[in-house]
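# Fold and contact review
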Amino acid sequence: MGEPPRLVATDIDGTLLRDDRTLSPQTAAVLARISARGTPVVLVTGRPIRWLKLVYDQLAEPLPAICANGAVVYDPVADEVLRADPLAPELLAEVARRLRAEVPEVTFAVEIVDSREMRHETHYPLRWDADHAAIRAVETPEELLAAPAVKLLARAGEQDPDAFAALVARALVGLAEATHSSYSGLVEISAAGVTKAAGLAWYCSRHGIDAADVLAFGDMPNDVPMLTWAGRGVAVANAHRSVLEIADDVTTANTADGVAAYLEKVFGLD
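Keep in mind the model is a prediction, meaning the values are calculated, not measured. (Residues numbered from 1 in each chain as written. Predicted model: local features only at pLDDT ≥ 70, side-chain atom pairs only at ≥ 80, totals over all residues. Heavy atoms only, no water.)

### Considering the sheet that holds strand β13 (residues 232–236)
Sheet architecture is open: eight strands sit in the order β5-β4-β3-β2-β1-β12-β13-β14, paired in mixed fashion. The strands lining the two open edges of the sheet, one partner per strand, are β5 (80–84) and β14 (249–251). Adjacent strand axes in the sheet meet at a mean angle of 25° when their direction is disregarded. Of the strand pairs in this sheet, strand β12 (residues 214–218) and β13 are connected by four bridges, and their pairing is parallel. Paired with Phe-217 across the strands is Val-234, a residue of β13. Seen against the sheet, helix α6 (residues 196–206) touches β1 (7–10), β2 (41–44), β3 (65–67), β4 (72–75), β5 and β12 and runs at an angle of roughly 155° to β1. (Pairing = 2+ DSSP bridges. Helix = DSSP H or I, 4+ residues; strand = E, 2+ residues; numbered from the N terminus. Axes fitted to C-alpha atoms, helices over the stretch in contact; angles between N-to-C directions. Contact = heavy atoms within 4.5 Å.)

### Let's talk about α6
Here α6 has its buried residues at Lys-196, Ala-197, Gly-199, Leu-200, Tyr-203 and Cys-204. An end-on view of α6 places all buried positions within 165° of arc, on one side of the element. Opposite the buried face of α6, by more than 90 degrees, sit the exposed residues Ser-205 and Arg-206. If you check the start of α6, you find a side-chain oxygen 3.2 Å away from the backbone N of Ala-197, and it comes from Thr-195. Following α6 by one or two positions, Gly-208 has its phi on the positive side, about 70°. (Buried < 20%, exposed > 50% of the residue type's maximum accessible area, 1.4 Å probe, protein only. Arc of directions from axis to C-beta. Polar contact = N/O pair within 3.5 Å; in protein donor to acceptor, adjacent residues only side chain to side chain.)

### Observations concerning the side chain of Thr-15
Structurally, Thr-15 can be placed in the loop between β1 and α1 (25–36). The exposure class of Thr-15 is buried, given its relative accessible area of 1%. Of note is the side chain of Thr-15, whose polar atom sits 3.1 Å from the side chain of Asp-219. If we ignore the near neighbours within four places in the chain, the residues touching Thr-15 are Thr-10, Phe-217, Gly-218, Asp-219, Val-236, Asn-254 and Val-259.

### Overview of the layout of surface pockets
Of the voids in this model, the second largest pocket is the one considered here, and its volume is about 300 Å³. Lining the second largest pocket are 16 residues, and of these Ala-178, Thr-179, His-180, Pro-221 and Asn-222 lie nearest its centre. Put simply, the parts of the chain that give the lining of the second largest pocket at least two residues each are α5 (161–171) and β10 (176–179). At four residues, α5 tops the list of elements feeding residues into the lining of the second largest pocket. Of the residues in the lining of the second largest pocket, the class split is seven nonpolar, six polar and three charged. (1 Å grid on protein atoms, 1.4 Å probe; cavity = no way out; pocket = protein on both sides within 12 Å on 5 of 7 lines; lining within 4 Å. Points joined across faces, edges and corners; volume = space filled by probe spheres on them. Nonpolar A, V, L, I, M, F, W, Y, C, P; charged D, E, K, R; others polar.)

Encoded structure:
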C-alpha cells in the first residue's frame, strides 16, 4: 500500500481499546485527525449497538460501526441501521438443535432488534450488562428463538476457546458462521456468509472504496476474515496466534497504542 489508505477499519476490544476498556487520548486524537483529513474511520466489532456508547463517549465524534461481527451496519449520527443480516427463527432452531445434540450442556443467548436487545436462557452467564434494561431471560427455548437474531451466543461452561469454536464450526458447516473473540469459551454464531469482511465490504462498496485501499486492524479470530480481505491487515502485538499468522504487518500492543502508532506512520502525523 504505497498511497495512504482510503479507509481505516479497526476492531475495538483488544485492538483499539486498552485492557481496561478505555481509549487513550493519543488514540482518540489520531482518529480525529485522520477523520478531519477526510479519510473515513470505521469501527468493526463483535459488540452489539448498545455497547458502542462506552466507545463513543471517548471519541471526538461517533464513528460508523459494523457490529455483531458484520451482521449490522450502523450510522450513529442518524442512529440508523443501514443493513442487517440476521439468522431467521427457523435457522436459529436448526442451529440450536445441532449444537444441543453435539454439546448437551450448551446454553444460548441471542442479540435481537439489530443488537439493541438481548434475550438469554436463565442459566446463561452474563458478563458485561446483566442489569441492562434491554437484557431479559426467557422461560422457554421457543421464546428464545422466536425472533430474527443478528448473533447467537453459545457457552458450555469453561471451555478451551479455540477447541470449542472449532467443534461448533464443524457442527454448523454449511449452515452458519462460528467464530470467537474472547478467551472465556464464548462462541459467536452468525448467518452463513456473515463476517466482519462481508459487512465491511458492503460498507466500502457503498462508498466506492476497493478492498486494496483499506487498512484494517484486529486481534482475534473473528478479525481474520477482515484482515485477509483488506489491502493491508495489521495485527496488534497481543493478537491471537491465528491473527499474527495471517497479518501483513504487526504493530505494538493495544496497551501501547498500537493502532495510533501505526496510523501516525502511515499518515505522516507528527
